[in-house]
Amino acid sequence: MKRRLSLVFVLSIALFGAYLQGQGGPRPSVLDVVKVQDDLFVIHNAVVPGNVTVLVTNEGVLLVDDKFAVDYDNIVAEVRKLTPQPIKFVISTHHHGDHTGGNAKMQEAGAQVITSEQTRKYMVDGNLPGMPMTTFDRRGFVHLGGKSVELYQFGRAHTGGDTFVYFPAHRVLSTGDAFTFGDETPQLVDYAGGGSAKDWPYTLDGALQLDFDTVVPGHGLVTTKAELRKFRDSTMAVRTRVHQMLVEKKTKDEIWQVLQSEFRWNQFQQRSVDGLMIELQ
Ligand SMILES: [Zn+2]
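Residues numbered from 1 in each chain as written. Predicted model: local features only at pLDDT ≥ 70, side-chain atom pairs only at ≥ 80, totals over all residues. Heavy atoms only, no water.

## So, empty space enclosed by the protein
Evaluation of the coordinates by the stated rule reveals two cavities of 30 Å³ or more. By volume, the second largest cavity is sized at about 40 Å³. Around the second largest cavity, the lining residues are Asn 51, Thr 53, Val 64, Asp 65, Ser 174, Thr 175, Gly 176, Val 216, Pro 217 and Gly 218. Taken together, the elements giving at least two residues each to the lining of the second largest cavity come down to strand 11 (172–176) and strand 12 (214–217). The residue makeup of the lining of the second largest cavity, split by class, is three nonpolar, six polar and one charged. (1 Å grid on protein atoms, 1.4 Å probe; cavity = no way out; pocket = protein on both sides within 12 Å on 5 of 7 lines; lining within 4 Å. Points joined across faces, edges and corners; volume = space filled by probe spheres on them. Helix = DSSP H or I, 4+ residues; strand = E, 2+ residues; numbered from the N terminus. Nonpolar A, V, L, I, M, F, W, Y, C, P; charged D, E, K, R; others polar.)

Here it is in structure tokens:
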């Protein structure tokens, strides 16, 4: 029950991250640090808010996402336990406040925020703090301390600007919310933010072509490429099933019942059903 409540909370945050960011977000999360490799870590917490990937180099630190503004001090404290190097870059995988909330404070402290151009547009539309001065389109690179990080957009999924961050030497991929891991964290299509259930499986096909073993999801525990593949198949199953029901002239309520029973969608995904019915007919 407790887990379900926290899941409900995170899904709410994911969809209304921008709004919550404006409100200052919830209380700081209790953080754990997961060591992936000697120089690559994930600052993780019990589902809320999203994961932070940390790359340590001898020229500075690169982060992927930075939770809410209220988590800033604790994130910096965790990074300080790993290295005295300054945080030089923050890649925001998408615009939601549980992934970009720390951006403004990171910038004040000297870090450069990078997003896809599309994600910047959603940040501008939402008047979100911590906007990037540097963006990329489809593919970008960051080189720091002899290590290279590759940024990819493979298309629409959770939002219209989703970025995958690839660490080729580590064989690790950070996905943002294009992949959330856990039985009770199904896909969440943010239609207002450019998301697409129709494109989602093909976007993940692009990511799966990269050569990696380990996956850092937007929310949930660090996992494997096989789990990302399973999640991709579930996004295709939603797409196929809803389209089939629309061909059969099923009602919105009938579709909603199937999404809950077969795909574990919950009340916070319910607001995506109208968009799903328009997109998948
Ligand atoms: Zn999100």
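## Topic: the pairing of strand 6 (residues 112–116)
Both faces of the sheet carry side chains from a regular strand, because those side chains alternate between them. The element strand 6 is extensively covered by neighbouring structure, given that four of its five residues are classed as buried. Across three bridges, strand 5 (residues 87–91) lies against strand 6 in parallel orientation. When the sheet's bridge partners are listed, Phe 89 is paired in strand 6 with Gln 112. As judged from the three bridges shared by strand 6 and strand 7 (residues 134–136), these two strands associate in the parallel manner. Opposite Ser 116, over in strand 7, you have Phe 136 as the bridge partner. Note that the unit made of strand 6, helix 6 (residues 117–125) and strand 7 has a crossover that is right-handed. (Buried < 20%, exposed > 50% of the residue type's maximum accessible area, 1.4 Å probe, protein only. Pairing = 2+ DSSP bridges. Right-handed = clockwise from strand over helix to strand, strands pointing away.)

## Looking at the coordination of the zinc ion
Protein ligation of the zinc ion involves His 94 (NE2), His 96 (ND1), His 158 (NE2) and Asp 177 (OD), the donor distances falling in the range 2.2 to 2.3 Å. Geometry at the zinc ion is irregular, judged from its four donor atoms and the angles of 86 to 173 degrees they form at the metal. Positions of the donor residues of the zinc ion along the chain correspond to the pattern H-x1-H-x61-H-x18-D. A residue pair is termed long-range when its members are at least 10 positions apart, and His 158 in the loop between strand 9 (147–152) and strand 10 (164–167) and Asp 177 in the loop between strand 11 and helix 7 (200–208) qualify at 19 residues. As far as burial versus exposure is concerned, His 158 and Asp 177 are alike and both buried. (Donors = N, O, S within 2.8 Å, 3.2 Å for Na, K, Ca; no water. Tetrahedral: all angles 85-135°; square planar, octahedral: opposite > 155°, others 65-115°.)

## Some words on helix 9 (residues 252–263)
One full turn of an α-helix is made of 3.6 residues, so residues set three or four places apart face in the same direction. The first and last C-alpha atoms of helix 9 sit 15 Å apart over 12 residues, in line with the 16 Å expected at 1.5 Å per residue. Among all positions in helix 9, only Ile 255, Trp 256, Val 258, Leu 259 and Phe 263 are buried. Viewed along the axis of helix 9, the buried residues span an arc of 160 degrees, placing them on a single side of the element. Where helix 9 is buried, its residues contact helix 8 (225–247) and helix 10 (273–279). (Expected span 1.5 Å × (residues − 1). Arc of directions from axis to C-beta. Contact = heavy atoms within 4.5 Å.)

## Remarks on the sheet that holds strand 11
Neighbouring strands of a sheet are bound in pairs by backbone hydrogen bonds; such pairs are parallel or else antiparallel. In spatial order, the strands read 8-9-10-11-12-13; together these six strands make up an open sheet with mixed pairing. Edge strands, defined here as strands with exactly one partner in the open sheet, are strand 8 (139–144) and strand 13 (223–224). As judged from the six bridges shared by strand 8 and strand 9, these two strands associate in the antiparallel manner. In the strand pairing of strand 9, His 143 is matched with Ser 148.

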